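The lines below spell out each chain.
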Amino acid sequence: MEVKIAQSWKDRLSGEFQKPYFEQLTAFVKAEYAAGTVYPKAKQIFSAFDNCSFDDTRVVILGQDPYHGEGQANGLCFSVNDGVKPPPSLVNIFKEIKQNLGIPIPVSGNLERWAQQGVLLLNATLTVRASSPGSHQNKGWETFTDAVVKLISEEKQNVVFILWGAYAQKKGEVIDRSKHFVIASPHPSPFSADRGFFGSKPFSKTNEYLLSKGLKKIEW
């Protein structure tokens, strides 16, 4: 499995790639791609890292699983390919952006434009079997993405971590809050968005923090 990943990440994560758990994970993922349909496309597994280098990372949004429907997942959490109807959670994210910042809801649900501004759109699990949510959980991906979160927390400062829902908040427990800004709220899914996601203003809060640290704001 060729790892297409920005050099700044490759340098820092090379030790992780050599650990036994990652070798086992690689073997599992290769077998899954060979046996059936897996999302995202193999070349997009590390898109979050390829579109947003370690040095450029200013915001981290944590997701859980890639979308498991045909043509949806593109390797960035909550993001879908151009021309694909945005799933409900993404619709709610766009609604909150509109309510929070007055920005019209975009035509495309592809969030590469965020990634290219320094938003790391990181799923806890980077692959999934078609039509089978959670099918690649507990195979090693979570260990890898925990290491990524820890790395950012330890080696960078003034990063905004946006943690939606209990799963992301648990994953974010390793973040050093003395040098980073954590925004936590319920998940944007239709099951929980009305319980505190709507009105939480994560996008304006992110930009206020970045500007307060002399950093460029994100054009959401």
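For the structure, see preceding data.
The rules behind the values
Residues numbered from 1 in each chain as written. Predicted model: local features only at pLDDT ≥ 70, side-chain atom pairs only at ≥ 80, totals over all residues. Heavy atoms only, no water. Phe/Tyr/Trp six-rings, centres within 6.5 Å; stacked < 30°, edge-to-face > 60°. Helix = DSSP H or I, 4+ residues; strand = E, 2+ residues; numbered from the N terminus. Buried < 20%, exposed > 50% of the residue type's maximum accessible area, 1.4 Å probe, protein only. Lys NZ or Arg CZ within 6 Å of the ring centre and 35° of its normal. Pairing = 2+ DSSP bridges. Axes fitted to C-alpha atoms, helices over the stretch in contact; angles between N-to-C directions. Core = buried A, V, L, I, M, F, W, Y, C linked by side-chain atoms within 4.5 Å. Contact = heavy atoms within 4.5 Å.

S.K.: Sorry, what's going on with the packing of aromatic side chains here?
M.R.: Aromatic rings considered in pairs are described by the distance between their centres and by the relative angle of their planes. As enumerated under the stated definition, the model contains 21 aromatic pairs in all. Each ring, one from Trp9 and one from Phe49, has its centre 5.1 Å from the other, and the planes form 85°; the classification is edge-to-face. Note that Trp9 is positioned in helix α1 (residues 7-17) and Phe49 in helix α3 (residues 47-51), a separation of 40 residues in sequence. This pair shows no difference in class: Trp9 is buried, exactly as Phe49 is. Members of the aromatic cluster, connected to one another through ring pairs, are Trp9, Phe17, Tyr21, Phe22, Phe46, Phe49, Phe54, Trp141 and Phe144. In this structure, Lys156 packs its charged tip against the face of Phe54, placed 5.0 Å from the ring centre.

S.K.: For this particular structure, what's the right way to read the sheet that holds strand β3 (residues 119-123)?
M.R.: The pairing of strands in a sheet comes from backbone hydrogen bonds and takes either a parallel or an antiparallel form. Pairing is parallel across the open sheet formed by four strands, whose spatial order is β3-β2-β5-β6. Of all the strands in the sheet, just β3 and β6 (181-185) have a single pairing partner and so form its edges. Looking at each pair of strands side by side, their axes are set apart by 15° on average, direction ignored. Bridge count between strand β2 (residues 59-63) and β3: five bridges; the pairing is parallel. Among the inter-strand pairings, Leu62 is bridged to a residue of β3, identified as Leu122.

S.K.: Teacher, can you tell me more about the nonpolar core here?
M.R.: Proteins that are soluble and globular tend to have nonpolar side chains buried together. Ranked by size, the top nonpolar core spans 63 residues in total, and within it Trp9, Phe49, Ile61, Trp114 and Phe144 carry the most contacts. Element by element, the count of residues in this core is highest for helix α6 (residues 141-155), at six residues. Ignoring any residue separated from it by four or fewer positions in sequence, one finds Ile61 in contact with Cys77, Phe78, Trp114, Val119, Leu120, Leu121, Leu122, Ile162, Trp164 and Trp220.

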